[in-house]
Amino acid sequence: MFITLIATIAIIFLVLTSNSAKIKGSIGELKVNAHLNVIGSEYIFLHDIMIRNSKGTTSQIDHIVLSEQGIFVIETKNYKGWIFGNEKSEYWTQVLFKKKYQFRNPVKQNWSHIYALKTLLTDFPHAKYYPIIVFAGSAILKKIESSVPVIYDTVLNRTIKNYSTEKCLSSEEVLQIKNCLQSAEIYERASRKKHVQNIQYKMTERQVHWRRK
């Protein structure tokens, strides 16, 4: 039993100290899940949904919150350091220990998710979409220029509840949208792996193009 306990602690330590972007991303998403679990029964939330848009490309959405007020599309980031970004820029900047790192603009990333959702949910043209960018790590948002909310995970539920009071969907439509998303969701591991590979390839292409400018 003692050996099992030591092994468990070692695994937790490795997870928490890992530099793997995938593991860090998963931890951030779990933190957001914890908040959404207590948001209230009038909301339905889905996690890690992969769908295909009308052009045949896939979108992997961290969190979708459904309500009679509309559809909240959440992109989650788990970073440390200072974060700088503009919604029109190709990349945002992370400053960590005086070093600068670039990552894809999460606002643009989230708008692509909303486009995919709109092409799928054509039976609900009156639905309103609300993009939200959530930072779930210890990062400090220093200079963010964005009309889209870029917030810390601790204020996510409050942001959703205060975002809109006007209803655009019925309770029946909310359930229909949930069923539609779950029916369209891609579960196959091969498809999800290919999606990640495509993102990595596109990121490399963008970085090469960006440096040549």
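Scroll up a little and you will see the structure.
Residues numbered from 1 in each chain as written. Predicted model: local features only at pLDDT ≥ 70, side-chain atom pairs only at ≥ 80, totals over all residues. Heavy atoms only, no water.

Asks: Outline the packing of aromatic side chains, listing residues and values.
Replies: If you walk through the whole model with that rule in mind, you get six aromatic pairs. Judged by centre distance (6.2 Å) and plane angle (80°), the ring pair of Phe72 and Tyr163 falls under edge-to-face. Here Tyr163 lies in helix α4 (residues 156-163) and Phe72 lies in strand β3 (residues 70-77), a separation of 91 residues in the sequence. On the basis of relative accessible area, Phe72 is assigned to the buried category, the value being 0%. Considering the side-chain rings of Tyr79 and Phe135, the 6.3 Å spacing of their centres and the 45° angle between planes classify their relative orientation as tilted. (Phe/Tyr/Trp six-rings, centres within 6.5 Å; stacked < 30°, edge-to-face > 60°. Helix = DSSP H or I, 4+ residues; strand = E, 2+ residues; numbered from the N terminus. Buried < 20%, exposed > 50% of the residue type's maximum accessible area, 1.4 Å probe, protein only.)

Asks: Tell me what's going on with the pattern of salt bridges, and back it up with residues and numbers.
Replies: Taken as a whole and judged by the stated rule, the model has four salt bridges. Of the charged contacts, one joins Glu68 and Lys167 as a salt bridge, the two residues approaching to 3.0 Å between their closest N and O atoms. Of the two residues, Glu68 sits in the loop between β2 (58-67) and β3 while Lys167 sits in the loop between α4 and α5 (171-184), which places them 99 residues apart along the sequence. Classification of Glu68 by relative accessible area gives partly exposed; the value is 23%. Glu90 serves as the salt-bridge partner of Lys108, at 3.6 Å between the closest nitrogen and oxygen. With Lys108 in helix α3 (residues 106-120) and Glu90 in the loop between β4 (82-86) and β5 (91-96), the pair connects residues that are 18 residues apart, well separated along the chain. Overall, Lys108 belongs to the partly exposed group, its relative accessible area being 34%. Assessed through its relative accessible area of 24%, Glu90 is described here as partly exposed. (Salt bridge = Lys/Arg side-chain N within 4 Å of Asp/Glu carboxyl O.)

Asks: An account of the pairing of β5 is needed here, citing residue identities and associated values.
Replies: Where β4 lies against β5, three bridges are found, and the strand directions are antiparallel. For Trp82, the partnering residue across the bridge sits in β5 and is Val95. The turn joining β4 and β5, which pair antiparallel and follow one another in sequence, is formed by four residues. Where β5 and strand β6 (residues 99-104) come together, six bridges link them in antiparallel fashion. Note that in β6 the partner of Thr93 across the bridge is Gln102. The turn joining β5 and β6, which pair antiparallel and follow one another in sequence, is formed by two residues; a positive phi near 55° is taken by Phe97. (Pairing = 2+ DSSP bridges.)

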